[in-house]
Number of protein chains: 2
Amino acid sequence: MTLSPTLITQFASIVGDKYALTDPAAMASHLHEPRDLYHGRSPLVLKPGSTAEVAAILKLANETRTVIVPQGGNTGLVGGQTADQFGEEVILSLSRLNRIREFDLDGNCVVVEAGVVLETLARAAAEHDRLFPLWLASAGSCQIGGNLASNAGGTQVLAYGNMRELCLGLEVALPDGQVLNGLSRLKKDNTGYDLRDLFIGSEGTLGIITAAVLKLFPQPKGRAVAWAAVESAQQALALLGQARAGGNLTGFELVAHIGMAFTVEYMPGSRMPLETIAPWYVLAEFSSSRSQEDASGTMTSVLEAAFKAGTILDAAIASNKAQEDAFWALRENMSDAQKHAGGSIKHDISLPVASIPAFIGKAAAAVNAMIPGVRLVTFGHLGDGNLHYNVTQPVGMDKAAFLARWGEMNHLVHGIVHEFNGSISAEHGIGRLKRAELTHYKQPLALDLMRRIKAVFDPNGIMNPGKLI
Amino acid sequence: MTLSPTLITQFASIVGDKYALTDPAAMASHLHEPRDLYHGRSPLVLKPGSTAEVAAILKLANETRTVIVPQGGNTGLVGGQTADQFGEEVILSLSRLNRIREFDLDGNCVVVEAGVVLETLARAAAEHDRLFPLWLASAGSCQIGGNLASNAGGTQVLAYGNMRELCLGLEVALPDGQVLNGLSRLKKDNTGYDLRDLFIGSEGTLGIITAAVLKLFPQPKGRAVAWAAVESAQQALALLGQARAGGNLTGFELVAHIGMAFTVEYMPGSRMPLETIAPWYVLAEFSSSRSQEDASGTMTSVLEAAFKAGTILDAAIASNKAQEDAFWALRENMSDAQKHAGGSIKHDISLPVASIPAFIGKAAAAVNAMIPGVRLVTFGHLGDGNLHYNVTQPVGMDKAAFLARWGEMNHLVHGIVHEFNGSISAEHGIGRLKRAELTHYKQPLALDLMRRIKAVFDPNGIMNPGKLI
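Calculation rules
- Residues numbered from 1 in each chain as written.
- Chains lettered and ligands numbered in written order.
- Predicted model: local features only at pLDDT ≥ 70, side-chain atom pairs only at ≥ 80, totals over all residues.
- Heavy atoms only, no water.
- Helix = DSSP H or I, 4+ residues; strand = E, 2+ residues; numbered from the N terminus.
- Buried < 20%, exposed > 50% of the residue type's maximum accessible area, 1.4 Å probe, protein only.
- Contact = heavy atoms within 4.5 Å.
- Areas by Shrake-Rupley, 256 points an atom, 1.4 Å probe, with all protein chains shown as cover.
- 1 Å grid on protein atoms, 1.4 Å probe; cavity = no way out; pocket = protein on both sides within 12 Å on 5 of 7 lines; lining within 4 Å.
- Points joined across faces, edges and corners; volume = space filled by probe spheres on them.
- Nonpolar A, V, L, I, M, F, W, Y, C, P; charged D, E, K, R; others polar.
- Least-squares fit on C-alpha atoms with pLDDT ≥ 70 in both.
- Buried area = accessible area lost by both parts, 1.4 Å probe.
- Salt bridge = Lys/Arg side-chain N within 4 Å of Asp/Glu carboxyl O.
- Pairing = 2+ DSSP bridges.
- Axes fitted to C-alpha atoms, helices over the stretch in contact; angles between N-to-C directions.
- Polar contact = N/O pair within 3.5 Å; in protein donor to acceptor, adjacent residues only side chain to side chain.
- Parallel < 35°, antiparallel > 145°, perpendicular 65-115°, else oblique.
- Left-handed = near helix turned anticlockwise from the far one by under 90°.
- Expected span 1.5 Å × (residues − 1).
- Arc of directions from axis to C-beta.
- Core = buried A, V, L, I, M, F, W, Y, C linked by side-chain atoms within 4.5 Å.
- Phe/Tyr/Trp six-rings, centres within 6.5 Å; stacked < 30°, edge-to-face > 60°.
- Disulfide = S-S within 2.5 Å.

**Describing the overall build of chain A**
What chain A contains, in helices and strands, is 18 helices and 19 strands. Within chain A, the fraction of its 469 residues that count as buried is 59%. Excluding contacts between residues fewer than 6 apart, the proportion of contacts in chain A whose partners are at least 24 apart in sequence is 74%. Total accessible area on chain A stands at roughly 16,700 Å², and carbon and sulfur atoms take up 53% of it.

Right, here's the structure in full:
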């Protein structure tokens, strides 16, 4: 079935012609995704301006069995926001639902629409002397709706939790055009099944999140950031334990040396914070609700004790905000830097924290046995057991030949993750990229329950088919 | 349909005759619940000793359309764990699934079976120098499975979250006898719909939780507890804001004077911590990950500032562990004390925190207009917006005549809660008690989705019918 001109006109009449794109050039930015793995085609990109318009689109789509692909900032890394290649899927962009509806400062929460850009929300919260803690490298363009649909994580999960833990309530348009009004500001509400957490992380396959109530936190009164060199992942884990015991820890990122080497080589203005070269580095952030002195004091005593105990080889302390940002930029630019070093096969995995050193050892051996000379750009949120285990091609290997082994490499790495009772998607979701792979590792009973839940919400299968489930 | 002797024998053969109770005296403790609102009848109480036995019972029940009522410590306050009056529902007690399977100290989690008593787990965690923070007045008899099925809250939610936030993974026996193996120890796992949070809070209507992985926390190095007198709920809220800003706040309970008066009058050994008589009191607890001095110091400076600012009238600081426990006992004995003052109609409600003073004012007027002279024993977890709004009968009124107005009173109070966008069940759940009431306040669409989800898991309706949905 192709989308008829009549139907295109009907859809367009809901949002107005201006917001119904059919011109290939206008649609282009909605059809490419950041990793360039998927190139979709679509007859129509709709940009509704209200929840009612989203609901009306879904109702018409449901009645006409038209597939809808919800799209936020189009920053997702597993193809969950992409149309397929057959050119019949309508993209529904939430970007015009970009109002912050209300700051509730007494209630420490904010009501936002799905299309609000994460960084915009974070800045607005700061202007109200509050913290909205979710933070990702794509904060400047990812949107709250996508963050919710993918249960986004990022660098502050250690202290504040992922998107599921940051959300109090949701407004959701369902495939049949009804709207679930769940914009609750309550901290406790035991009145039935947890529909909210079902939508969070469902990757647009059950309905479209149009607005949310999100938690706000006090702005920390002090922040301190350090860059430490460690000999092994095991030592990084030991430092994590020591840093946690000290209190105030809000970020703990592990970075392999090769990733830093790429960053310094390819990202203009980047430089190593330390002269000490080590196999691994840790970026640690401490925040205090009391004072700058408290944050700095906690960090200094943790680092001093760690140095004395031999846990760390060396450490640099950021002496001002610019240096703190520079340390964080080193971590956040890691993916971009890697692009300059050739093809890279990605994994977003999580493991029981204590198993990480053993996993790293076993996986390195297996991956090198499969393709000798690969460069392992391992980094991630060690405090959450979440690694971005990215495998860069050997020097001189043909990029296409390397990338052709993406699936095989994934399967090898995920098999080892599974042995350690880990997850093949820690924070990016399943999307198109890992949908087939998931069937190997998820209990068939769980997949069956998921499929039957999907049928409850979307019996006609119009919501983002081919993704997740 | 009554349960045939043949079927009783079949069920009994799964668990062994010793653990299949049919004798009324032996079953008695399973048929009464703490508030004495429901008196159930049952032909059979089964006490399986393993997950496999639970699954086998469900499979047989499903095939024979036998209703199963899961029961933990039988401490629930909404009748969710009770059999109905027709004598055909089989009670499945989880009490023999009482092993702590494993403490994972590196991973800061513990694998426990559903029948482990909460206090037993808390003590075992303390022996491993860890904190399992969930705490309720019924901790000595409630069980982890029931805590999960009802998404229990309690006194430490402010700092650590409710049961949903304390759980990493679940093992669940489904009505068809299959077992969902979700005992994950991962902090991050975005591989599909959130089945875990669907079971948590589902009150035994979707399946039976047989085991769980729960989070552990460091034991605080210091704790400080104070009892403060305040003039109004508004002042209590102001104190909450000041205490939060000081950091380290782990408990914040509001208590109406009348509740304290009952406690002192009826609970032997109870005494008021302060000579100052005030309309309201606050129990505040501060914990520090650093030291006793830090906890005490934070608390003292909060209280001094609050006294200077006129937020509090007076305060008593517990000077040792025994006094801290005595302060907490005053709060925890409030429900028991109330029983001695006559009939009491209960409400477990939550509100947007900032609305609580306005709610208290409006509800008091309405409730007194309905039954003049009622005594309002309002107490609860103010930091979470959760009040136990308990209405004690007027002095001299006939108890039965007062209790006969339970439904009418509930409806009045819940109506006001609804006006303030609150919840009619903050932490106790819906059970039998609020099932009909829920239909007035929950969006019909949400109820419809819940019913359809129920049908996915339990198409034959054998799991705890007449509860929740």
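So much for the structure itself; the text now carries on.
**A look at empty space enclosed by the protein**
Inspection of the entire model under this criterion finds two cavities of 30 Å³ or more. Looking at the largest cavity, its volume works out to about 50 Å³. Residue lining of the largest cavity: A:D104, A:G107, A:C109, A:R185, A:L186, A:K187, B:L351, B:P352, B:V353 and B:D384, and that is the complete set. Partitioning the lining of the largest cavity into residue classes produces five nonpolar, one polar and four charged. Considered as a void within the structure, the second largest cavity measures approximately 40 Å³ in volume. Taken together, A:L351, A:P352, A:V353, B:D104, B:G107, B:C109, B:R185, B:L186 and B:K187 form the lining of the second largest cavity. Partitioned by chemical class, the residues of the lining of the second largest cavity number five nonpolar, one polar and three charged.

**Focus: the relation of the copies chain A and chain B**
By a simple turn and slide, chain A fits onto chain B: the slide is 0.0 Å along the axis, the RMSD is 0.0 Å, and the turn is 180 degrees. Taken together, these values place the two copies in the relation of a two-fold axis.

**Here's the deal with the interface of chain A and chain B**
Residue-level contacts link 71 residues of chain A with 72 residues of chain B. Buried area between chain A and chain B, both sides added, is near 5,600 Å², and the carbon and sulfur share of it is 55%. Broken down residue by residue, the surface that chain A buries against chain B is led by A:K188, A:N190 and A:Y193, which jointly contribute 19%. Our enumeration of links across chain A and chain B arrives at ten salt bridges. As a salt-bridge pair, B:R290 and A:D294 come within 2.8 Å of each other at their nearest N and O atoms. Listing elements by their share of the side of chain A that touches chain B, those giving two or more residues are α7 (163-166), β9 (179-182), α8 (195-199), α9 (233-246), α11 (292-308) and α18 (444-457) of chain A. Of all the elements, α18(A) adds the most residues to the side of chain A that touches chain B, at nine residues. In terms of residue class, the side of chain A that touches chain B is made up of 26 nonpolar, 27 polar and 18 charged.

**Thoughts on the sheet that holds strand β9 (residues 179-182) of chain B**
Residue and element names in this part refer to chain B. Taking strand neighbours across the sheet as the criterion, the five strands line up as β5-β6-β10-β8-β9 in an open arrangement whose pairing is antiparallel. For this open sheet the edge positions go to β5 (100-104) and β9, each flanked by a neighbour on one side alone. Geometrically, the sheet is characterised by an average inter-axis angle of 15 degrees between neighbouring strands, direction not taken into account. Sheet analysis places β5 next to strand β6 (residues 109-113), joined by four bridges and oriented antiparallel. Across the sheet, the residue bridging to I100 is V112, located in β6. This element, helix α4 (residues 118-127), spans β5, β6 and β10 (208-215) of the sheet and lies at about 35 degrees to β5.

**Quick notes on unusual backbone geometry**
A positive phi angle, near 50 degrees, is found at A:N108, a position not held by glycine. When you line up the elements, A:N108 lands in the loop between β5 (100-104) and β6 (109-113).

**Section: the side chain of B:N386**
Within the secondary structure, B:N386 is located in strand β19 (residues 386-392). Side-chain polar atoms of B:N386 contact the backbone oxygen of B:I349, separated by 3.0 Å. Excluding anything up to four places from it in sequence, B:N386 contacts A:K188, B:D348, B:I349, B:S350, B:F379, B:G380, B:H381, B:A426 and B:E427.

**Describing the sheet that holds strand β2 (residues 45-46) of chain A**
All names here are of chain A. Strand order in the open sheet formed by four strands is β1-β2-β4-β3, with mixed pairing between adjacent strands. Only two strands of the sheet have a single neighbouring strand rather than two, namely β1 (20-21) and β3 (68-71). Relative to strand β4 (residues 90-93), β3 runs parallel, the two sharing four bridges. Each bridged residue has a counterpart across the sheet, and for V69 the counterpart in β4 is I91.

**Notes on the packing of helix α1 (residues 5-15) of chain B against helix α3 (residues 51-64) of chain B**
Residue and element names in this part refer to chain B. Contact geometry of α1 with α3 gives a least axis separation of 9 Å together with a crossing angle of 165 degrees. Here α3 runs roughly antiparallel to α1, going by the angle between their axes. Remark: the crossing between α1 and α3 carries right-handed chirality. Facing L7, Q10, F11, I14 and V15 of α1, the residues of α3 in contact are E53, A56, I57, L60, A61 and T64. Looking at the contact of α1 with α3, its residues break down into eight nonpolar, two polar and one charged.

**Remarks on helix α9 (residues 233-245) of chain B**
Residue and element names in this part refer to chain B. For α9, with 13 residues, the first-to-last C-alpha span of 18 Å sits near the 18 Å given by 1.5 Å per residue. Those residues of α9 that fall on the buried side of the exposure criterion are A233, A236, L237, L239, L240 and A243. With its buried residues spanning 160 degrees around the axis, α9 presents them on a single face. At its buried positions, α9 is contacted by β12 (222-230), β13 (249-256), β14 (280-288), α11 (292-308) and α14 (356-370). With its phi angle positive at about 80 degrees, G247 sits one or two positions after the end of α9.

**Some remarks on the nonpolar core**
Within the largest apolar cluster, 98 residues are counted, with the highest numbers of intra-cluster contacts made by A:F132, A:L214, A:F457, B:F132, B:L214 and B:F457. When neighbours within four sequence positions are excluded, B:F132 is seen to be in contact with B:L118, B:L121, B:A122, B:A125, B:I144, B:M163, B:L166, B:L214, B:K215 and B:L216. Of all hydrophobic cores here, the second largest spans 52 residues; its members include A:F286, A:A295, A:V391 and A:W406.

**Section: the environment of A:S202**
Along the chain, the position of A:S202 falls in the loop between α8 and β10 (208-215). In contact with A:S202, not counting residues within four places along its chain, are A:A149, A:L468 and B:Y193.

**Digging into the pairing of strand β8 (residues 167-173) of chain B**
Residue and element names in this part refer to chain B. In terms of burial, β8 is a largely internal element, seven of the seven residues being buried. The pairing of β8 with β10 spans six bridges and is classified as antiparallel. Among the inter-strand pairings, G169 is bridged to a residue of β10, identified as V213. Note: β8 against β9, four bridges, orientation antiparallel. Each residue of the ladder has a partner; that of L170, found in β9, is G182. In sequence, β8 turns back onto β9 through a hairpin of five residues, with G177 there showing a positive phi of about 95 degrees.

**Quick notes on the pattern of salt bridges**
Side chains that differ in sign of charge can pair as their charged atoms come close. Applying the stated criterion to the full structure yields 48 salt bridges over all chains. One salt bridge connects A:K454 with A:D458, and the closest N-O pair in it is separated by 2.8 Å. Taken as a pair, A:K454 and A:D458 share a single burial class, namely buried. A salt bridge links B:R185 to B:E102; its shortest N-O distance comes to 2.7 Å. One end of the pair, B:R185, is in the loop between β9 and α8 (195-199); the other, B:E102, is in strand β5, and 83 residues separate them in sequence. Among the ionic contacts, a cluster of salt bridges with common partners joins A:R223, A:E285, A:K321, A:E324 and A:D325.

**Digging into the packing of aromatic side chains**
Residue and element names in this part refer to chain B. For the coordinates displayed, the defined rule picks out 14 aromatic pairs over all chains. Ring centres 6.2 Å apart and planes at 85 degrees place the aromatic pair F359 and F420 in the edge-to-face group. With F359 in helix α14 and F420 in the loop between α16 (406-419) and α17 (435-441), the pair connects residues that are 61 residues apart, well separated along the chain. By the burial criterion, F359 is buried, and F420 matches it.

**A look at helix α14 (residues 356-370) of chain A**
Residues and elements named next belong to chain A. If you check α14, its first and last C-alpha atoms are 21 Å apart, about what 15 residues at 1.5 Å a residue would give, namely 21 Å. Taken residue by residue, α14 has I356, P357, F359, I360, A363, V367 and M370 as its buried positions. Angularly, the buried residues of α14 cover 150 degrees about the axis, an arc narrow enough to put them on a single face. Where α14 is buried, its residues contact α9, β14 (280-288), β17 (348-350), β18 (375-381), β19 (386-392) and α16 (406-419).

**Topic: the state of the cysteines**
Under the definition given, this model contains zero disulfides over all chains. Left without a disulfide partner, A:C167 is nearest to the cysteine sulfur of A:C109, which lies 11 Å away.

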